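Examination of the molecular architecture
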Amino acid sequence: MTAGTARESFARSLLRTKPVDRIVAEGGQGEGGELKRTMSLLQLTLFSVGATLGTGIFVVLGEAVPLAGPAVVLSFVLAAVTALFSALSYAELAGTIPVSGSSYSYAYATLGELVAWVCGWCLLLEYAVSVSAVAVGWGSYLNAFFDSAFGFTIPAAISNPPGEGGIVNVPAVIVVLFATLLLLRGTSESAAANTIMVFLKIGVLLFFCAVAFTAFESRNLESFAPMGWAGLSAAGSKVFFSYIGFDAASTAGEEAKNPRRDLPLAIIFSLVIVTVIYVLVGLAAVAAMHWERFELSGSEASLAQVLDEATGQSWPSMILSLGAVIAIASVVLTVMYGQTRILFAMSRDGLVPRVFQKVSPGRRVPVANTIIVALFIGILAAVIPLGRLVDATSIGTLFAFALVSVGVIVLRRTRPDLPRSFRTPLFPLTPLLGVAFCLYLMVGLGGATWTVFLLWILVGLAAYFLYGRRRSRLASGPAGRSLP
């Protein structure tokens, strides 16, 4: 083989795609057993709502308001528009390729193995790291509840991460352990628990709006966009973190009862629900408390702070904090679920170790996978501050979302014959706008975030060439198809 031929063969191996029919045929299959199809449309929708609703409102709002002022409401709309373009692309691919791998599997079918690996590597940021960030915020609300109800708080040494006055964040580890125990019991049990927690979470946020609007002050909205478009855009990049998780339903493709019909609907329904609630809560918050107070408060439990200042009483914030303690646990539960299912799909393809695809015959869940993910997330949550986690998660997610939009365009061209239960409207404008909005918000993130992201990609590429490429089942099994 000549040097030129070897280079061409190497390049084609990086672009080999996994046939859609093969991806779908392998759905649910793992080593030692199969996943069980138990999830209905309602459960899928609430899984995405559970993974999304609360992450930004309960945790990140306090960081976004100082950037945009009252215009943070429009920042949520900007982030929602970005998420919508991506959601429409997700809906088409989820209905066409209804498997657990989410955007990783979509990229494998459309853009090739190397891009799929990079996408899966970025999903580690979207899922595992975002869970860690939410777990950190959960501890803040737990302390707020203890303070309001009993007049004491957990010592900072064991409730804050290093760099923020603590040694280890024990509450964050506890909520990860709680979610792990539920996931190990089974998918149907996890879905039932999530349904209860999501309804509770929506009720708590509606309670916040009802109380906060009683303290509505129009003068708090007078300087609506004090930092102009730049501040609104920067806050949009920040609060995009709050939309991470709407794609969680796409990770349940192999455990859904009717995935081709239900996955697209669940993705769209969940995004609409969380957007309406985010805008209502954001408006209520900045109208009840002047935007400059968010920065001065220095609290990650920003909604509880709003109720304290708006009412001058402790009982509303106590109710909110208790609800948040229970409700944010649903984010940890559902996003951890999504991470394990993505690793399940990657392991089945040979790109990560086989242990991640082993299924317990009795429980019909990937037990070892779940425990490994829980250990990784628990360590991150225990020792890393929230702010560093949020931006890193957002940039990885935006990149993965952009790849999904590109994948829709490619699959329409390469496999126009595939049955599609949902078609992205205004094609190809919608996916192109999805790519453009994702890139725009990525640019709005700081240089330090980009540095971390690029280093993360380099580490991922090293892992692929040292491990994944050598063990790829597509390379050793039936031949994949290279992009033309």
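Residues numbered from 1 in each chain as written. Predicted model: local features only at pLDDT ≥ 70, side-chain atom pairs only at ≥ 80, totals over all residues. Heavy atoms only, no water.

In this section: the overall build of the protein. Looking only at helices and strands, the protein features 20 helices and 4 strands. Over its C-alpha atoms, taken along the principal directions, the protein stretches across nearly 75 × 50 × 40 Å. The buried share among the 484 residues of the protein stands at 60%. Considering only contacts in the protein between residues 6 or more positions apart, those separated by 24 or more positions represent 84%. Carbon and sulfur atoms provide 68% of the accessible area of the protein, an area that totals close to 17300 Å². One finds the centroid of the 32 positive side-chain charges in the protein at a distance of 14 Å from the centroid of its 26 negative side-chain charges. (Helix = DSSP H or I, 4+ residues; strand = E, 2+ residues; numbered from the N terminus. Buried < 20%, exposed > 50% of the residue type's maximum accessible area, 1.4 Å probe, protein only. Contact = heavy atoms within 4.5 Å. Areas by Shrake-Rupley, 256 points an atom, 1.4 Å probe, with all protein chains shown as cover. Lys, Arg positive; Asp, Glu negative; His and termini not counted. Charge placed at Lys NZ, Arg CZ, Asp CG, Glu CD.)

Here we take up the packing of helix α14 (residues 302-311) against helix α15 (residues 315-348). Viewed as axis vectors pointing N to C, α14 and α15 meet at an angle of 165 degrees, and their least axial separation amounts to 8 Å. Judged on the interaxial angle alone, α15 and α14 are roughly antiparallel. Our pair here, α14 against α15, has a crossing hand that is right-handed. Contacts between α14 and α15 involve L303, A304, L307, D308 and T311 from the first element and P316, S317, L320 and S321 from the second. In terms of residue class, the contact of α14 with α15 is built from 5 nonpolar, 3 polar and 1 charged. (Axes fitted to C-alpha atoms, helices over the stretch in contact; angles between N-to-C directions. Parallel < 35°, antiparallel > 145°, perpendicular 65-115°, else oblique. Left-handed = near helix turned anticlockwise from the far one by under 90°. Nonpolar A, V, L, I, M, F, W, Y, C, P; charged D, E, K, R; others polar.)

Before going further, it helps to spend a moment on the pattern of salt bridges. One side chain can pair with another of opposite charge once the charged atoms of both are near each other. In this structure the tally under the stated criterion is 13 salt bridges. K18 is the partner of E26 in a salt bridge, and the nearest nitrogen-oxygen pair spans 2.7 Å. Residue K18 is classed as buried on the basis of its relative accessible area of 5%. The partner of R341 in a salt bridge is E255, and the shortest N-O contact between them spans 3.0 Å. Of this pair, R341 sits in helix α15 while E255 sits in the loop between α11 (228-239) and α12 (259-288); the two residues are 86 residues apart in sequence, bridging distant segments of the chain. Across this residue pair, the class does not change: R341 and E255 are buried. A single network of salt bridges, built from pairs that share partners, joins K18, R22, E26, D349 and R473. (Salt bridge = Lys/Arg side-chain N within 4 Å of Asp/Glu carboxyl O.)

With that out of the way, let us pick up the side chain of T38. With respect to the helices and strands, the residue T38 is situated in the loop between β3 (33-34) and α3 (41-52). When its relative accessible area of 17% is taken as the criterion, T38 is described as buried.

With that out of the way, let us pick up the environment of M442. Position of M442 relative to the elements: it lies in helix α18 (residues 429-443). Its relative accessible area of 3% is what places M442 among the buried residues. For M442 and S394, which are 48 residues apart along the polypeptide, the C-alpha to C-alpha distance reads 8.0 Å.

To continue, consider the nonpolar core. Counting residues in hydrophobic clusters, the biggest one holds 152 residues, and the most contacted among them are F208 and L303. Top element by residues in this core is helix α7 (residues 113-150). It accounts for 22 residues. Look past the residues within four positions of L303 in its chain and what remains in contact with it is I57, F58, L61, Y141, L205, F208, V281, A285 and L320. (Core = buried A, V, L, I, M, F, W, Y, C linked by side-chain atoms within 4.5 Å.)

On to α3, then. Spacing of three or four residues puts side chains on the same side of an α-helix, whose turn is 3.6 residues. Compared with the 16 Å implied by 1.5 Å per residue over 12 residues, the 17 Å span of α3 between its first and last C-alpha is a close match. The buried count for α3 comes to 10 of 12 residues, which makes it a mostly enclosed element. All of the buried residues along α3 are Q43, L44, T45, L46, F47, S48, V49, G50, A51 and T52. (Expected span 1.5 Å × (residues − 1).)

Residues F213, F216, V272, V276 and L280 make up a contiguous nonpolar surface patch of about 410 Å² in total accessible area. Its place among the elements puts F213 in the loop between α10 (187-212) and α11. (Patch = residues over 30% accessible without salt bridge, like charges linked within 9 Å, V, L, I, M, F, W, Y side chains within 5 Å.)

For the protein, per-residue confidence averages 85 on the pLDDT scale, and 92% of positions sit at 70 or higher. Low pLDDT, under 50, characterises residues 479-484; the stretch is placed with 20 contacts to residues that sit more than four places away or in other chains. (pLDDT = per-residue confidence, 0-100.)

Before going further, it helps to spend a moment on unusual backbone geometry. The step from F427 to P428 runs through a cis peptide bond, and the omega angle for that step is 0 degrees. Inspection of the secondary structure assignment puts P428 in the loop between α17 (386-414) and α18. Residue R364 is not a glycine yet carries a positive backbone phi of 60 degrees. Classification of R364 as partly exposed rests on a relative accessible area of 30%.

The next thing to look at is the packing of aromatic side chains. One pass over the full model with this rule turns up 23 aromatic pairs. Look at F47 and Y337: their rings are 4.9 Å apart centre to centre, the planes differ by 75 degrees, and that puts the pair in the edge-to-face class. With F47 in helix α3 and Y337 in helix α15, the pair connects residues that are 290 residues apart, well separated along the chain. An identical accessibility class is assigned to F47 and Y337; each is buried. By way of ring pairs, the aromatic residues Y90, Y106, F240, F246 and F401 are connected into one cluster. Against the face of F427 rests R412, its NZ or CZ located 4.1 Å from the ring centre. (Phe/Tyr/Trp six-rings, centres within 6.5 Å; stacked < 30°, edge-to-face > 60°. Lys NZ or Arg CZ within 6 Å of the ring centre and 35° of its normal.)

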